[in-house]
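Below, each chain spelled out in residue letters.
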Amino acid sequence: MPAQSTRPETAFDLAMMRAAIEEARKAMPSPNPPVGALVVSATGEILSATHHVRAGEEHAEVLALAAAGEGVKGGTLYVTLEPCNHEGRTPPCVDTILGSGVKRVVIGSLDPNPEVVGGGAQRLSDAGLPVEVGVAGAEARALIAPWAKYITTGLPHVALKLALSLDGRIATRTGASKWVTGPEARAKVQELRARHDAVAVGIGTALADDPRLTVRESSFLPEGRMSPIRLVFDTRLRLPLHTRLVQTAREVPTWVLSGADAPEEAEQALVDAGCMVLRTPTSAEGRVDVTAAMRLCAAQGIVSILVEGGAELAGSLLASRVPDELHAFVAPILLGPRGRPGAVDWAGPDTPVEAPRIVDPHWELCGRDAYVSGPLAFPSRG
C-alpha cells in the first residue's frame, strides 16, 4: 500500500492540497464525486489547476496534466481523490499519470468505492512512482462525504432545511408562511439548492405554498447546469395540474414519489404534463416510506437531496434517522402557540439526551435571521 502520511505533511504539500480542494469546490459532476487537481513544477510553480466539470468528461487530473504542458516532467501532481484505475466513461487516469512524466503524486483521500479502494494509488506505487496519501485528508474526505455515502450505502446524502420562528412555528394560525425569514436567508437557501442534485418538499408544502423550487440566481449554478430535480412526496398523488411545479415540469425535471395504491389516472395526468411518477412502499402510517424513497432516488443517480419541508416530511425523515445534516434559519419573530404547524411533526425523543443534534454547529447571521448548520448526529439506540 502507498504511504499514507508516514511522514509529517509539509506546509507546502498542505497548501497545494488545500488549493486543489478549493478547485474541487467548483465541480458539480454528479453522480461522480467532486475532484480537484494541481500540477506543480519541480521548482514549485503551479502550472495548472483544474476540476472535474461533469460526468462523462475528462477527470481533473487528466485535465491538469494536459494543461501543464512540458513543465509537467519532473513535477508533482496533487489530486483530492485517488486516481481511478478502472475503465468507466473515460479511460483509467493512472495510465495518463504514468505516461505524463510527473515524478510524484500526492493524494488527499483514497476512493471509498468498495469496488476500487486503493487500486489507483497502489498501481502508481507499484510502477515506482512515489505516492503520498492522506495530505489534508480530513478536508478531502469531507469534500466527498455526500458521494461517499451514496457509493457505499446506495442512499443519497440528505440535508434537511427548516425556516422557523423563535417559538418553533413555520406559519401563523391562519396558515400564512410568506415570509417567516428575510431575503438574506432566502438567498442562502438558493445557494443551498444549487449545491444539491434534488430539492424535495411534501405535498402539504406544495399545496400551501405553490413553490417553484428553482435556483433563480444563476451565479450559484456552474455553467451549463440547470436547477436541481424537484421531488414531491405525495402518497395519494394529490398534486394539482395547475401548480407551478407541474406547469414547469417540462423545463425543470419534476418527480413525484407516491404510494403503490395511488390512483392510476392521477399518475397518467401528471406524466402527460411532463412529470415522472415513482411509486414506493408505504410506511405503517400510510405515508411514502422515506427510506425506500431515498434508495429509489439514489438508484436514479441522485447523490444529494435538500429537503425543504414541510413538517410531516421532516418528521418522517427524522423518525427514520435519514438526514445527514441540518440547516435551520430562525427568524426573530413569535408566531404563537396556535401557529400551524410546528417545524417538525414527529413524536420526538423521550429525553434531551436522546435528541438528534448538530455536531459542531456553525452559526452565522443572515440579515436579521440566525442560521445554524452542520452534520446531524442521532444517539445510538440502547
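Keep in mind that what you see is a predicted model, and the values were worked out from it rather than measured.

Quick notes on the rules
Residues numbered from 1 in each chain as written. Predicted model: local features only at pLDDT ≥ 70, side-chain atom pairs only at ≥ 80, totals over all residues. Heavy atoms only, no water. Buried < 20%, exposed > 50% of the residue type's maximum accessible area, 1.4 Å probe, protein only. Helix = DSSP H or I, 4+ residues; strand = E, 2+ residues; numbered from the N terminus. Pairing = 2+ DSSP bridges. Domains from an automatic or database assignment. Salt bridge = Lys/Arg side-chain N within 4 Å of Asp/Glu carboxyl O.

1. Quick word on the pairing of strand β7 (residues 198–202)
Part 1: A large share of β7 lies buried, amounting to five of its five residues.
Part 2: Where burial is concerned, the two faces of β7 agree: the one with A198, A200 and G202 and the one with V199 and V201 are both buried.
Part 3: Pairing of β7 with strand β8 (residues 229–233) involves five bridges; the strand directions are parallel. If you follow V199 over to β8, its bridge partner there is R230.
Part 4: Sheet topology places β7 next to strand β11 (residues 304–307); three bridges connect them, and they run parallel. Residue A200 lies in a different strand from β11, and its bridge partner there is V307.

2. Brief notes about the domain arrangement of the protein chain
Part 1: We note that the domain assignment places domain 1 (11–147) and domain 2 (156–377) within the protein chain.
Part 2: The distance between the C-alpha centroids of domain 1 and domain 2 comes to 35 Å.

3. Some thoughts on the pattern of salt bridges
Part 1: A complete count under the given rule lists 13 salt bridges for this structure.
Part 2: R123 is the partner of D95 in a salt bridge, and the nearest nitrogen-oxygen pair spans 2.8 Å. Placement of the pair is D95 in helix α3 (residues 93–98) and R123 in helix α4 (residues 119–126), with a sequence separation of 28 residues.
Part 3: Its relative accessible area of 39% is what places D95 among the partly exposed residues.
Part 4: For R287, the salt bridge identified is with E312, shortest N-O distance 3.7 Å.

4. Points about the pairing of strand β6 (residues 157–165)
Part 1: With respect to burial, β6 is a largely interior element, eight of its nine residues being buried.
Part 2: One ladder, built from four bridges, connects β6 with β11; its direction is parallel. Each residue of the ladder has a partner; that of L160, found in β11, is V307.
Part 3: In terms of strand pairing, β6 meets strand β12 (residues 325–331) through seven bridges, oriented parallel. From the neighbouring strand, A163 faces β12, where its bridge partner is F329.

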